[in-house]
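Here is what each chain is made of, one letter per residue.
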Amino acid sequence: MTVEAQKETRGFQTEAKQLLHLMIHSLYSNREIFLRELVSNASDAADKLRFQALSDSGLYEDDSELAIRIDFDKEAKTVTISDNGIGMNRDEVVEHLGTIAKSGTAQFLDNLSGDDKKDSQLIGQFGVGFYSAFIVADRVEVFSRRAGDAASEGVHWECTGEAEFTVESVEKADRGTSIVLHLKSDAEEFADGWRLRSVIKKYSDHISLPVIMKKEAAGEEEEKSEPEDETINSATALWTRSRSDVSEDEYKEFYKHVSHDFEDPLKWSHNRVEGKLDYTSLLYIPAKAPFDLYNRDASRGLKLYVQRTFIMDDAEQFLPMYLRFIKGVVDSNDLSLNVSREILQKDPNIDAMRAALTKRVLDMLSKMAKNSPEDYAKFWEAFGEVLKEGPAEDFANREKVASLLRFSSTHTDKSDQNQSLDEYIERMKDGQDKIYYVAAENFNTAKNSPHLEALRKKDIEVLLLSDRVDEWLMGHLVDYKEKQFQDVGKGQLDLGELDTDEDKKAQEESAKQHEDLVKRVQDVLEARVDNVRVTNRLTESPACLVVGEQDMGAQMRRILEQAGQAVPESKPVFEVNPEHPLVVKLDQEADEDRFADLANILFDQAHLAEGGSLDDPAAYVAKLNKLLLELSN
Ligand code: ADP
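In what follows, the accompanying structure is described. (Residues numbered from 1 in each chain as written. Predicted model: local features only at pLDDT ≥ 70, side-chain atom pairs only at ≥ 80, totals over all residues. Heavy atoms only, no water.)

### What about the overall build of the chain?
Counting secondary structure elements, the chain contains 23 helices and 22 strands. For the chain, whose C-alpha radius of gyration is 33 Å, the value lies well above the compact-globule estimate of 26 Å for 633 residues. Its C-alpha atoms give the chain principal-axis dimensions of roughly 110 × 60 × 45 Å. Relative to its full complement of 633 residues, the chain shows a buried share of 51%. In the chain, the share of contacts with a sequence separation of at least 24, taken over all contacts with a separation of at least 6, comes to 72%. Computing the positive centroid from 80 side-chain charges and the negative centroid from 124, the chain places the two 2 Å apart. (Helix = DSSP H or I, 4+ residues; strand = E, 2+ residues; numbered from the N terminus. Rg over C-alpha atoms; globule rule 2.2 N^0.38 Å. Buried < 20%, exposed > 50% of the residue type's maximum accessible area, 1.4 Å probe, protein only. Contact = heavy atoms within 4.5 Å. Lys, Arg positive; Asp, Glu negative; His and termini not counted. Charge placed at Lys NZ, Arg CZ, Asp CG, Glu CD.)

The structure is reproduced here in structure tokens:
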């Protein structure tokens, strides 16, 4: 016996230990999902074999009928799941089933809520499916041999607890993997043909491989002869069936298989395209965001098949980045079987498919928004911020994506983002030609922004933006249905025809009347402001800051500064409201020192009111306290 062949005991990696502990001790609801996970792995192993055999048919070893077998033994209390897929060699077994250091594992553990039901739903999403075996078994054995390896290169893996596993080399004549589950005493119900059949039907019917079991013996007499095999599932690739032949439940189960999500999808779209291009797509909109939605390196994309042969997971060329939450399958009849990621990137047919699939998804979303607003609200909650990346990434579909966006606005003054641009336009005032918005760090700052005062008074609706991507989004949106977007915190507030001649006249007069005041404030704040002027924005507040027309918005500036990026220096315009009693007082102040203190305080307050932080807060506090003392004297 070589050293290799000897039995070796190894410790699990810490995270694997925690995971096992969880499976063994705390998951009691929905236990039957272990079978779905193991069948799904077996099916993936068959896909991998088929793919590798495209360039090396010897891997089939004269056995190209791929299938999954489920056996059970009532006496021994075991269930065995076998496949003749790609199999694993000794190193792979250790790597995949033992010392896993997969990115998902740690995040899975971080995401645990302690709620058994919720946690069990996370298992699949984090790619820790194999360990679900321990939901029902306290001892698990794996026998495996990689396709193409010698029979003597089989491997036996065994684990009885949370701390360690053993591996040894064994003879294994047939290629592939067998997993033997030694059931826990409270899970013996699964060593039963009817129970297993119903679970397979429920979760694995759509698997394109046959799932085979021994026929149940009908009576005593038949027990002597070996019962025949039967195929339990439909065993055709679900997307090749016609829509009318697939039930809702089958679509949902298939979604869970491709997405590793445990929740039902919100919607799906299944289509066959024939003509210049010939392909089938089945696209799903999930109900919940995955934990790594904002991780640039996270896997995304569709499962790619060519003529029903699995080619690759995460084919990201078929959809733009802002639709990365879409799960599903695309099966092409045009692509070559040895297509690679590099080829996909260059193929002009892929661009055409990508454009068509993008349109398909956007149409699906439009329909959902129109016909099932409740689902759309869920979608928006989960993926709205990602969709907001769309106008920047996908110029051609800018208007279409914009129609799918939802916002908070002064129409409701609620933080729920549920107002569409079309609804906004419908409510626009006569003579209004712009879509007004304010962007701030959070909803309350946006809602209470002094920049809104004049618009509120005139009952003009303003979109309240506070997501991190918002200012960036608005930088690319520019207009919608020929209506320009206007940041109410930038430049001169131009209300167009909404300002009456009287308004304009009053403004001009006020500006003239307060020329002196403006000049004095300007002199005092010279180092801090670009310009000072009389406002037409404010009705309640004494003063506010305005960003120059071409300058970066305050929210964007703060985000970049927080990220440690250099932001070009630009000073704000300071607008004062001469109607406000504090400004009236300021105007009357003869003592130049006190005038300067008060002007600086108003300037700092305007900064605070829009969610900014002061460069020198202590100086502000000192000035304010001085004034307060004078007041009380
Ligand atoms: P996931 O399937 O999400 O990667 P699992 O924990 O279910 O996570 O499986 C870990 C790895 O073990 C798989 O990625 C695969 O490489 C390997 N594996 C599991 N089951 C099988 C099998 N039946 N045949 C071959 N490899 C398998």
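There's more to say after this.
### Examining the environment of Leu35
Summarising the element assignment, Leu35 is placed in helix H2 (residues 33-53). Along the sequence, Leu35 and Ala133 sit 98 residues apart, while their C-alpha atoms lie 7.8 Å from each other. The contact partners of Leu35, leaving out residues within four places of it in the chain, are Ile70, Ile81, Leu196, Val199 and Ile200.

### Quick word on H2
With 21 residues, H2 should cover 30 Å at 1.5 Å per step; its first-to-last C-alpha distance of 30 Å lies within 8% of that length. Most of H2 is tucked away: 16 of the 21 residues are buried. (Expected span 1.5 Å × (residues − 1).)

### Structural notes on the sheet that holds strand E21 (residues 543-546)
The three strands are arranged E20-E22-E21 in an open sheet whose pairing can be described as mixed. Of all strands in the sheet, those bounded by a partner on one side alone are strand E20 (531-534) and E21. For this sheet, the mean angle separating the axes of adjacent strands, direction not counted, is 25 degrees. Of the strands in this sheet, E21 and strand E22 (573-576) touch helix H22 (residues 592-609), which is tilted by about 60 degrees from E21. (Pairing = 2+ DSSP bridges. Axes fitted to C-alpha atoms, helices over the stretch in contact; angles between N-to-C directions.)

### With respect to the pairing of strand E19 (residues 483-487)
Both strand E16 (residues 434-439) and E19 contribute to a ladder of four bridges, which runs parallel. What sits directly across from Tyr436, in E19, is Gln486. Note that strand E18 (residues 479-480) and E19 share two bridges and pair antiparallel. Opposite Asp479, over in E19, you have Gln484 as the bridge partner. Where E18 hands over to E19, the hairpin turn is made up of two residues, of which Lys481 adopts a positive phi near 45 degrees.

### Observations concerning the packing of helix H17 (residues 470-477) against helix H20 (residues 554-562)
Look at H17 against H20: their axes get within 8 Å of each other, and the N-to-C directions meet at 125 degrees. By the angle between their directions, the pair H17 and H20 is classed as oblique. Like other packed secondary-structure pairs, H17 and H20 cross with a definite hand, here left-handed. On the side of H17, the interface is formed by Asp470, Glu471 and Trp472, while H20 contributes Ala554, Gln555 and Met556. Here the residues of the contact of H17 with H20 are counted per class, giving three nonpolar, one polar and two charged. (Parallel < 35°, antiparallel > 145°, perpendicular 65-115°, else oblique. Left-handed = near helix turned anticlockwise from the far one by under 90°. Nonpolar A, V, L, I, M, F, W, Y, C, P; charged D, E, K, R; others polar.)

### Here's the deal with the packing of aromatic side chains
The geometry of two aromatic rings is summed up by the distance between their centres and the angle between their planes. As enumerated under the stated definition, the model contains 17 aromatic pairs in all. The side chain of Arg520 reaches across the aromatic face of Phe595, ending 3.9 Å from its centre. (Phe/Tyr/Trp six-rings, centres within 6.5 Å; stacked < 30°, edge-to-face > 60°. Lys NZ or Arg CZ within 6 Å of the ring centre and 35° of its normal.)

### Considering the nonpolar core
Core analysis: the biggest nonpolar cluster contains 73 residues, and Leu304, Phe318, Phe379 and Leu387 have the highest contact counts within it. No other element matches the nine residues that helix H10 (residues 348-371) contributes to this core. Mapping this core onto the domain boundaries places at least three of its residues in each of domain 2 (239-377) and domain 3 (405-498). Aside from chain neighbours lying at most four places away, what touches Phe379 is Leu266, Ile285, Phe325, Leu365, Met368, Gly384 and Leu387. One finds Ala46, Val155, Ile179 and Val211 within the second-largest nonpolar core, a separate group that totals 57 residues. (Core = buried A, V, L, I, M, F, W, Y, C linked by side-chain atoms within 4.5 Å. Domains from an automatic or database assignment.)

### Side note on the sheet that holds strand E10 (residues 267-273)
Pairing in this open sheet of five strands is mixed, and the strands run E10-E11-E14-E12-E13 from one edge to the other. Among the strands making up the open sheet, the edge pair consists of E10 and strand E13 (309-315). Here the strands of the sheet are splayed against their neighbours by 15 degrees on average, with no regard to which way each runs. Here seven bridges tie E10 to strand E11 (residues 279-285), and the two strands are oriented antiparallel to one another. Its bridge partner lying in E11, Ser269 is registered against Leu283. Running over the sheet, H2 touches strand E12 (302-306) and E13 and is turned about 110 degrees from E13.

### Some remarks on H22
Relative to the 26 Å expected for 18 residues at 1.5 Å per residue, H22 spans 26 Å between its end C-alpha atoms, a close match to the ideal helical length. The complete set of buried residues in H22 reads Phe595, Asp597, Leu598, Ala599, Asn600, Ile601, Leu602, Phe603, Asp604 and Ala606. Buried residues in H22 make contact with helix H19 (515-524), E21, E22, helix H21 (581-588) and helix H23 (617-632). You can read the cap of H22 off the contacts: a side-chain oxygen lies 2.9 Å from the backbone nitrogen of Asp593, and it is on Asp591. Once H22 finishes, Gly611 follows within two positions and takes phi at roughly 85 degrees, a positive value. (Polar contact = N/O pair within 3.5 Å; in protein donor to acceptor, adjacent residues only side chain to side chain.)

### Quick notes on the packing of H19 against H22
Axis separation between H19 and H22 bottoms out at 10 Å; the angle between their running directions is 80 degrees. By the angle between their axes, H19 is roughly perpendicular relative to H22. In this structure, H19 uses Leu517, Arg520, Val521 and Val524 to contact H22, whose residues at the interface are Glu592, Phe595, Ala596, Ala599 and Asn600.

### Topic: the side chain of Gln317
Note that Gln317 resides in the loop between E13 and strand E14 (327-332). A residue is classified by how much of its surface remains accessible, and Gln317, at 8% relative accessible area, is buried. Filtering out sequence-adjacent residues up to four positions away, Gln317 remains in contact with Arg341, Leu344, Gln345, Ile350 and Arg354.

### Topic: the pattern of salt bridges
Charged atoms that come close allow side chains of opposite charge to pair. By the definition in use, this model includes 55 salt bridges. The partner of Glu253 in a salt bridge is Lys256, and the shortest N-O contact between them spans 3.8 Å. Note that Glu253 and Lys256 are positioned in helix H8 (residues 248-259) at a spacing of three residues, about one turn of the helix. With respect to burial, Glu253 and Lys256 carry one shared label: buried. Between Lys626 and Asp597 there is a salt bridge, with the nearest N and O atoms lying 2.8 Å from each other. With a gap of 29 residues between them, Lys626 in helix H23 and Asp597 in helix H22 connect regions that are remote in the sequence. Lys626 gets classed as partly exposed once you look at its relative accessible area, which sits at 43%. (Salt bridge = Lys/Arg side-chain N within 4 Å of Asp/Glu carboxyl O.)

This is a description of form; function is not addressed.
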